[in-house]
Amino acid sequence: MRIGLYPGTFDPITLGHVDIIQRAMALVDRLVIGVAINRDKGPLFSLEERVAMVEAECKAITAKTGGEIVVHPFENLLIDCARDVGASVIVRGLRAVADFEYEFQMVGMNRALDSSIETVFMMADARRQAIASKLVKEIARLGGDVSKFVTPAVEAQLVAKLRR
């Protein structure tokens with residue numbers, strides 16, 4: 001069984017993330033969505049909220065593809081998380097050249113730690129390349145319309161969270 005790991009903070013999950021998840025499902029039998037516990041980023045949503053959002057968004061994908069998606073919170077090294085879940089491939093989404101520079105460094109470090117785990121880069125769909133969770137939160141915080149960037153369920157949670 002080919003297992004892939006798609007890691008991220010998912011604060012919140014966007015249509016860009018959903019696009020990568022849907023396309024990654026064609027590459028693996030099981031896709032583990034690694035929801036990173038990254039205290040340095042100071043996420044808007046708690047870990048539990050982010051996991052619940054990712055699980056909810058993935059239900060429709062698994063219903064459509066018949067594949068298996070598992071949501072897995074992690075706080076250790078990415079390569080250790082990949083080993084923990086039995087992943088042979090790490091899936092990473094790329095939006096722009098700036099993403100590539102960071103990801104290039106990460107691949108080098110991960111390969112030095114465990115050369116048996118490959119990294120696969122997927123370019124975001126052209127309609128989704130500008131979407132970044134950080135920008136979505138900023139638009140929502142300033143009262144802008146984020147419906148082009150997240151699903152209605154995520155938009156509702158985002159608006160509710162920012163009203164508190």
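Everything discussed here concerns the structure shown above.
Let us look at the structure shown here. Note that the structure is predicted; figures quoted are calculated from it, not measured.

## Observations regarding the packing of aromatic side chains
- In this structure the tally under the stated criterion is three aromatic pairs.
- Measuring from ring centre to ring centre gives 5.8 Å for Phe100 and Phe104, while their planes differ by 35°; the resulting arrangement is tilted. Note that Phe100 and Phe104 are positioned in helix α4 (residues 97–113) at a spacing of four residues, about one turn of the helix.
- Assessed through its relative accessible area of 38%, Phe100 is described here as partly exposed.
- Of the aromatic side chains, those joined through ring pairs into one cluster are Phe100, Phe104 and Phe121.

## Some words on the pairing of strand β5 (residues 118–123)
- Pairing of strand β4 (residues 89–94) with β5, which is carried by six bridges, proceeds in the parallel orientation. Looking across to β5, one finds that Val89 is bridged to Glu118.
- Handedness of the crossover joining β4 and β5 through α4 is recorded here as right-handed.

## Brief notes about the pairing of β4
- Counting buried positions along β4 gives five out of six residues, so the element sits mostly inside the fold.
- As paired elements, strand β1 (residues 3–8) and β4 share two bridges and run parallel to each other. If you follow Leu5 over to β4, its bridge partner there is Ile90.

## Considerations on unusual backbone geometry
- Asp11 connects to Pro12 through a cis peptide bond whose omega is 0°.
- Despite not being glycine, Phe10 has its phi angle at roughly 55°, a positive value.
- Positionally, Phe10 belongs in the loop between β1 and α1 (15–24).

## Points about the pattern of salt bridges
- With the rule as written, the count across this model stands at ten salt bridges.
- With its nearest N and O atoms 2.7 Å apart, the salt bridge here joins Lys137 to Asp11. Of this pair, Lys137 sits in helix α5 (residues 133–141) while Asp11 sits in the loop between β1 and α1; the two residues are 126 residues apart in sequence, bridging distant segments of the chain.
- On the accessibility criterion, Lys137 (14% relative accessible area) is buried.
- Put simply, Glu68 and Arg30 hold a salt bridge, and the shortest N to O gap is 3.1 Å. Remark: Arg30 occurs in strand β2 (residues 30–36) and Glu68 occurs in strand β3 (residues 68–74); sequence separation between them is 38 residues.
- For Glu68, a relative accessible area of 32% corresponds to the partly exposed category.
- The partly exposed category is assigned to Arg30, whose relative accessible area is 22%.
- One salt-bridge network, held together by shared partners, links Asp80, Arg83 and Asp114.

What counts, and where the lines are drawn
Residues numbered from 1 in each chain as written. Predicted model: local features only at pLDDT ≥ 70, side-chain atom pairs only at ≥ 80, totals over all residues. Heavy atoms only, no water. Phe/Tyr/Trp six-rings, centres within 6.5 Å; stacked < 30°, edge-to-face > 60°. Helix = DSSP H or I, 4+ residues; strand = E, 2+ residues; numbered from the N terminus. Buried < 20%, exposed > 50% of the residue type's maximum accessible area, 1.4 Å probe, protein only. Pairing = 2+ DSSP bridges. Right-handed = clockwise from strand over helix to strand, strands pointing away. Salt bridge = Lys/Arg side-chain N within 4 Å of Asp/Glu carboxyl O.

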